[in-house]
Amino acid sequence: MRGAFALIGLVLLAFPAMAQEGVVADLSQSRVGITATFDGSEILVFGAVKDAKSEAPLGVIISVSGPAEPIMVRKKARKAGVWVNSEAVKVAAAPSFYHVVTTHPLEDMLTPAQDARYALSIPKAIRAGAENTAEFTEALIRIREESGLYAVHTGEVTLKENTLFRAHIALPANLTEGSYLTRIFLTRDGRVVARQATTIHVSKVGLERWIYALAHERPFIYGVLSLAIAIAAGWGASAIFRYIKG
Amino acid sequence: MQIYLPIAEVSVNAFLLLGLGGLVGILSGMFGVGGGFLITPLLFFVGIPPAVAVATSANQIVASSFSGVLAHLRRKTVDMRMGVVLMVGGLIGAAVGVYVFNILRGLGQVDLLVTVCYVVFLGIIGTLMFFESLRAIRRSRNPGTKLPPRRKHGWVHALPLKMKFRTSGLYISVIPPILVGFAVGVLAAIMGVGGGFIMVPAMIYILGMPTKVVIGTSLLQIIFVTGFTTLLHATTNYTVDMALALLLLIGGVLGAQIGTRIGVHLKAEQLRILLAGMVMLVCGMLALDLLLKPSELYSLSVWGAR
């Protein structure tokens, strides 16, 4: 990693006076393969500030968001003595995974308008429906924060000499497939001054890929195969026990 | 050892799943129930999405029931003829049940209906069986008291189309078994289980079959019902997880063999009282779930196709 930093430094020296302040960043890996024994993965995000223009304190924000999907949030209520699902609200789009890693507290680094513009903090990253849904989106965030799918890690981006930065993003074991958008922002005085985006591709590989593809593309064969395995296992166990006994 | 399940898309401990399968397998072999009413809630608890849990437990039940049936076949405690008659009723019932289920799903609140169904049926069956077997045990302890004669000629025996069921030692009309099979088929499709816990008491108390024969015959019926369910889920919802099923059924088939061996060492009424106790326990847990205030009022589900 030290080598990568040195390389970035050299590149920066070679281009002394570009017009605009920018950010150069990369990931330790842009593909994550889910194998049968997958139990999470850690990705290193690293980069540097290009053509620093200001003396105002620098902030770095890194966000990783999984594929967005519509979510039905249901609320239970007591009716005739039993607890049943009563109200339901559809949240138009919520990322399956959303982690933000920053150098400072988000509210110190961004004005609310800038936060809304770049959809950075967790509530802003969720697109609620047209209805009045505050209570339901809060519940969605709470449940996903408790299960570790949503999180804000304040102060976990390491910034050196106001130029080089790096951070670790931990991807959990219960990851779903898809493209994970990774965004890197530089902030000064509550405003985003530079940004870059890249994608981490998460996909099943090997046996996992094969089973998943078979289940969706040849469902009948998959079903018959599942039954065949069940019957064979049932017979096998019976045969083994008979052998042991007799 | 953590393992990532390809369809459920979660990572769980492989040994935990083996243990769960084994536990349910033992019960399956002992009592002739598929264990669907037990394993599905347990899988929810482990964190498997409900749709995958329901479909995959059907697949695992096929394995443990098959293993159990083979053990019973060798003991000649399976009434093949009765099994076929029940199955005819069962398949018609399952088709009607799927139809009813779809209507109810259109109305919403299908979860509530399923839970209420469980509580009502488990509660009634558990309580009836419990008291009946308690009486039976008391009777066997005091051999002095007069045994009430078994009703040899109830309404069940007054119907036409009689058939000889040699293994069960019965000569009765085929109408009651077909009706029992039908009722179980309907409920099984609505509640998403094999229906053994309804079938077993129905065979004992309505058809008057001997307890030992009931278990093997029930397992035979369960294989076909759950096999059919597995195929249906695999082709319509893509929710059968092969890796999850494999782990569960390795535990399940071994458990079923052990369960069958425990079962033959127990007396019929002991077996019945244990099953009754278990049925009442599950019923109580589900009822509490409905009556107590949940710690999290909200629940999430991904909307639309997966």
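Conventions adopted
- Residue positions are given per chain, counting from 1 as you read along its sequence in written order.
- Note on labels: chains are lettered from A, ligands numbered from 1, in written order.
- Where totals are concerned, whole chains, interfaces and linings use all residues; where local detail is concerned, this predicted model gives features only for residues with pLDDT of at least 70, and gives and counts side-chain atom pairs only at 80 or more.
- For the exposure call, what matters is how many other C-beta atoms sit within 10 Å of a residue's own: 20 or more marks it buried, 12 or fewer exposed, and in between partly exposed, using C-beta atoms placed from the backbone.
- Each helix is a run of DSSP H or I of at least 4 residues and each strand a run of E of at least 2, with the numbering of both proceeding from the N terminus.
- Strand pairing is defined by DSSP finding a minimum of two bridges between the two strands.
- Those domain boundaries reflect an automatic or database domain assignment.
- Comment: axis = line fitted to C-alpha atoms, over the contacting stretch for helices; angle = value between 0 and 180 degrees taken between N-to-C directions.
- Note on convention: the crossing is left-handed when the near helix lies turned anticlockwise from the far helix by less than a right angle, right-handed when the turn is clockwise.
- Any residue pair is listed as a contact if its two C-beta atoms, each placed from the backbone, are within 7 Å.
- Each nonpolar core comprises buried Ala, Val, Leu, Ile, Met, Phe, Trp, Tyr and Cys residues, the members being joined through C-beta atoms within 7 Å.
- Nonpolar residues are Ala, Val, Leu, Ile, Met, Phe, Trp, Tyr, Cys and Pro. Charged residues are Asp, Glu, Lys and Arg, and all others, Gly as well, are polar.

**Remarks on the pairing of strand S7 (residues 98-102) of chain A**
In summary, the side chains of a regular strand alternate between the two faces of the sheet.
All names here are of chain A.
Turning to step 1, where the next piece is worked out: Counting buried positions along S7 yields 5 of 5 residues, so the element is predominantly enclosed.
Turning to step 2, where the next piece is worked out: Of the two faces of S7, the one carrying Tyr98, Val100 and Thr102 and the one carrying His99 and Val101 are both buried.
Turning to step 3, where the next piece is worked out: Inspection of the sheet shows strand S4 (residues 58-65) paired to S7 by 5 bridges, in the antiparallel sense. Its bridge partner being in S7, isoleucine 61 is matched across the sheet by threonine 102.
Turning to step 4, where the next piece is worked out: Note: S7 against strand S8 (residues 150-153), 4 bridges, orientation parallel. Residue pairing for S8: histidine 99 is matched across the bridge by alanine 151.

**Some thoughts on the domain arrangement of chain A**
Turning to step 1, where the next piece is worked out: What the domain assignment lists for chain A is domain 1 (2-204) and domain 2 (209-245).
Turning to step 2, where the next piece is worked out: Averaged C-alpha coordinates put domain 1 of chain A and domain 2 of chain A at centres separated by 42 Å.

**Thoughts on the packing of helix H7 (residues 219-245) of chain A against helix H3 (residues 50-74) of chain B**
Turning to step 1, where the next piece is worked out: Running from amino to carboxyl end, H7 of chain A crosses H3 of chain B at an angle of 35 degrees, the nearest separation of the two axes being 8 Å. Every pair of crossing elements has a handedness; the one defined by H7 of chain A and H3 of chain B is right-handed. Facing Ser226, Leu227, Ala230, Ile231, Ala233, Gly234, Trp235, Ala237 and Ser238 of chain A of H7 of chain A, the residues of H3 of chain B in contact are Asn59, Val62, Ala63, Ser64, Phe66, Ser67, Leu70 and Ala71 of chain B.

**Structural notes on the sheet that holds strand S5 (residues 68-79) of chain A**
Turning to step 1, where the next piece is worked out: Taken together, the 3 strands give an open sheet; going across it, the order is S6(A)-S5(A)-S5(B), and neighbouring strands pair in antiparallel fashion. Looking at the sheet topology across the chains shown, the edges are occupied by strand S6 (82-95) of chain A together with strand S5 (298-302) of chain B. Across this sheet, the average inter-strand angle for adjacent strands is 25 degrees, counted without regard to direction.
Turning to step 2, where the next piece is worked out: As paired elements, S5 of chain A and S5 of chain B share 5 bridges and run antiparallel to each other. For isoleucine 71 of chain A, the partnering residue across the bridge sits in S5 of chain B and is valine 302 of chain B.

**What to know about the sheet that holds strand S3 (residues 41-50) of chain A**
Residue and element names in this part refer to chain A.
Turning to step 1, where the next piece is worked out: One open sheet accounts for 4 strands, arranged S1-S3-S10-S9; its pairing is antiparallel. Lying at the two open borders of the sheet, with one neighbouring strand each, are strand S1 (22-27) and strand S9 (158-160). On average, adjacent strands in this sheet sit at an angle of 20 degrees to one another, irrespective of strand direction.
Turning to step 2, where the next piece is worked out: Direction of pairing for S9 relative to strand S10 (residues 164-171): antiparallel, over a ladder of 3 bridges. Bridge pairing in S10 links threonine 158 to arginine 166.

**Here's the deal with the nonpolar core**
Turning to step 1, where the next piece is worked out: Core analysis: the largest hydrophobic core is formed by 148 residues, its most contacted members being Leu5 and Leu244 of chain B.
Turning to step 2, where the next piece is worked out: Inspection of this core shows a minimum of three residues originating in each of domain 1 (2-204) and domain 2 (209-245) of chain A.
Turning to step 3, where the next piece is worked out: Setting aside residues no more than four positions away along its own chain, leucine 244 of chain B makes contact with Leu5, Ala8, Leu17, Ile48 and Thr56 of chain B.

**Points about the interface of chain B and chain A**
Turning to step 1, where the next piece is worked out: Contact residues are listed per partner, giving 48 residues for chain B and 46 residues for chain A.
Turning to step 2, where the next piece is worked out: Looking at the side of chain B that touches chain A, the elements that each hand over two or more residues are strand S1 (2-4), H3, helix H5 (110-141), helix H8 (211-236), helix H9 (242-264), helix H10 (268-291) and S5 of chain B.
Turning to step 3, where the next piece is worked out: Residue contributions to the side of chain B that touches chain A peak at 9 residues, all from H9 of chain B.
Turning to step 4, where the next piece is worked out: Looking at side-chain class alone, the side of chain B that touches chain A contains 31 nonpolar, 13 polar and 4 charged residues.

**A few points about the pairing of strand S4 (residues 170-173) of chain B**
All names here are of chain B.
Turning to step 1, where the next piece is worked out: Pairing of strand S3 (residues 162-165) with S4 involves 4 bridges; the strand directions are antiparallel. Along S4, the bridge assignment pairs lysine 164 with tyrosine 171.
Turning to step 2, where the next piece is worked out: Hairpin connection of S3 to S4: 4 residues between the antiparallel strands, including glycine 169 at a positive phi of 65 degrees.

**Observations concerning unusual backbone geometry**
Turning to step 1, where the next piece is worked out: Its identity is not glycine, yet aspartate 189 of chain A carries a phi of approximately 50 degrees, on the positive side.
Turning to step 2, where the next piece is worked out: Examined against the element boundaries, aspartate 189 of chain A turns out to sit in the loop between strand S11 (178-188) and strand S12 (191-204).
Turning to step 3, where the next piece is worked out: For lysine 76 of chain B, which is not glycine, the phi dihedral falls at a positive 55 degrees.
Turning to step 4, where the next piece is worked out: Tracing the sequence through the fold places lysine 76 of chain B in the loop between H3 and helix H4 (80-107).
Turning to step 5, where the next piece is worked out: Since 11 C-beta atoms lie within 10 Å of it, lysine 76 of chain B is described here as exposed.

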